[in-house]
Amino acid sequence: MRRIEPEPTCLSHLAQLSFHPIDTHFHACFRITASHFSRSDQMTTAKITQTHSKFVALLVACAGGMVAADRAMAQTTATWDRGGGTNAYSVALNWNPDITPINNGANTYSVVLGSTAHVFTDAATPSTINVTDFTMAAGSSFDVQFARTFNILGTATLGGLVTVSSPGAFVANTPGLALNSAARFVVNNGGLIQLGGAPAWNAYVGGNDGYNNALVNATGTNSRFQATGITSIIYGGSSFGQYQQNVTATLGGSVDLSGVQTLRCANGEDDVMNFNLSSGGTLNLNALQTINASGGNGNHSTNFNLGDGTSLALPSLITADRIRVNLGVGSTFSATNMTALTASFLALTTNQTVNLGAITSMNNTRLAVSGGASLSGFAAVNYDCSYYWGGSYDMFSATGAGSNLNLSAMQTLRYATNTGNNTLTIGARNGGNINLGGRQSISIAPGDDDTLRFELSGGTINLNSLATIALAGNTNETVTFALSNNSNLNLPALTAANRLRVSIASGSALTMPALTSLTQSY
């Protein structure tokens, strides 16, 4: 109960004012009692009535303001139900409750798309659409069309396909961002997808859904995918089969993953992650430090497929396991600080460029040069090839005049595939040259029965330091020297060899002037 003095000069007593709430609004009730006034008071009834009315108006205005403020702070959850029978965002009947969720100052919205929702921003939406929160379930899709800009101001959980198919934008540049395993992104026609937060993207897909498609695809001039807050990516699928997952930039599109530091396959899986560049596409992985340092099942890989005239620099990369680099004409791959390249495959031919650091660890890696290309920078002293690539294959090869592979720092080589009797070949063909001049010994893993084949067919292999061939597998293993096409091999330091096989065609020659022990050979 408050006492209010409407007219100090006229009243000797106070009027009493009482408030009684009704529902969520305020109801003002004035009670002015005649006994409060003496006979000497000269206030007229009209004066009292006028003062009473002013107080009522004031209180009603205040109460209205409080209600408006309360409504401005409220947030409505709008769930897609397609009640309007279309996929258009602007149709209020497509939402529950039946209102188009666009923040307007007085009202804010949390948007929810279930697994069957397929929504696009239509021409009836404003040019800029702001919502506070946004949630997409796996299986849903959201397409920004008609050059609209869709801004998420609060939290976002993305688990479906986001597409920007016009010069518009999808912006979730907020630390409250989470990427679920089924999140996918496609941007074209000069659009922008910009994501913040979400330090980890576990693009690990369950079920037999395949997802042999785009994790990210940026196609067209000025089409941009920017997700600089992501620091790690895990890829893979949990069902049978090897899935191909792709990050693609083409026709002038760009993908910015410049915050990613680690990339690996999910534990126990055999899937493939492809980074594809073509026709002026660009990819930023400047912070990437490790690839497949853990995870997978041994059959997984990360592939860098560089189309004609494209380039990729990985300036922070230190360790890479199970990567493939496939180069087009005039393309360049650079990883100048990398020191470990294991279980990987790198092939280089004419008009292609690879810039590497001093590789001190290269176990199980396959290398090939052709067409006059040269590859060097390998400082590894020991080489162990125990990874099963599937059947017989070239371990190292140089094919064509002027093709040079420099592995002169290597001193020991141990080979085995751990699966069946396979042939691993080191081949110099048609004028190619392989420098293994520092290699001193060749051995096989205990219990294995594979063949290591040195093939010279018009090429040269430098084995000037090779001193011993000591095999202790399962008695079926061999080292073979196969010379043809007028090839010559000189082994000046070789003193002892066991299980050696030699095949020399007419016009070729093998020289072993220091050999004193030759056992179980022919």
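See the structure above.
The paragraphs below set out a description of the structure included in this document. Residue positions within a chain follow its written sequence, with the count starting from 1. Totals for whole chains, interfaces and linings use all residues, but because this is a predicted model, local features are given only for residues with pLDDT of at least 70 and pairs of side-chain atoms are given and counted only at 80 or more. Working from all heavy atoms in the structure, the side-chain values ignore hydrogens and water.

Here the focus is the pairing of strand β17 (residues 192-195). Strand pairing requires that DSSP identify at least two bridges connecting the strands. Helix and strand assignments come from DSSP, with helices taken as H or I runs of at least 4 residues and strands as E runs of at least 2, each series counted from the N terminus. Pairing geometry for strand β14 (residues 169-172) and β17, over four bridges, is parallel. Looking at β17, one finds that V171 is bridged to Q194. Here β17 pairs with strand β20 (residues 224-226) via three bridges, running parallel. Of the residues in β20, the one forming a bridge with I193 is F225.

Ordered by their spatial adjacency, three strands build an open sheet running β29-β32-β35, and the pairing between neighbours is parallel. Two strands close off the open sheet at either side, each with one partner strand: β29 (311-313) and β35 (353-356). Taken pair by pair, the neighbouring strands of this sheet meet at an average axis angle of 0°, ignoring direction. Examined bridge by bridge, strand β32 (residues 332-335) and β35 share four bridges and lie parallel to one another. Bridge pairing in β35 places A335 opposite L356. Axes, fitted as lines to C-alpha atoms, cover a helix only where it is in contact. Angles between the N-to-C directions of the axes lie from 0 to 180 degrees.

Taking strand neighbours across the sheet as the criterion, the six strands line up as β38-β41-β44-β47-β50-β53 in an open arrangement whose pairing is parallel. In the strand order of this sheet, the two ends are held by β38 (382-385) and β53 (517-519), each with one partner. The pairing of strand β47 (residues 468-469) with strand β50 (residues 496-498) spans two bridges and is classified as parallel. Within β50, the position partnered with I469 by the bridge is A497.

This brings us to the environment of I469. Within the secondary structure, I469 sits in strand β47. Here the term buried applies to any residue with accessible area under 20% of the maximum for its type, exposed to any over 50%, and partly exposed to those in between, with areas from a 1.4 Å probe on protein chains only. Take I469: its relative accessible area is 2%, and that puts it in the buried class. Taking C-alpha positions, I469 is 6.2 Å from N498, a pair spaced 29 residues apart along the chain.

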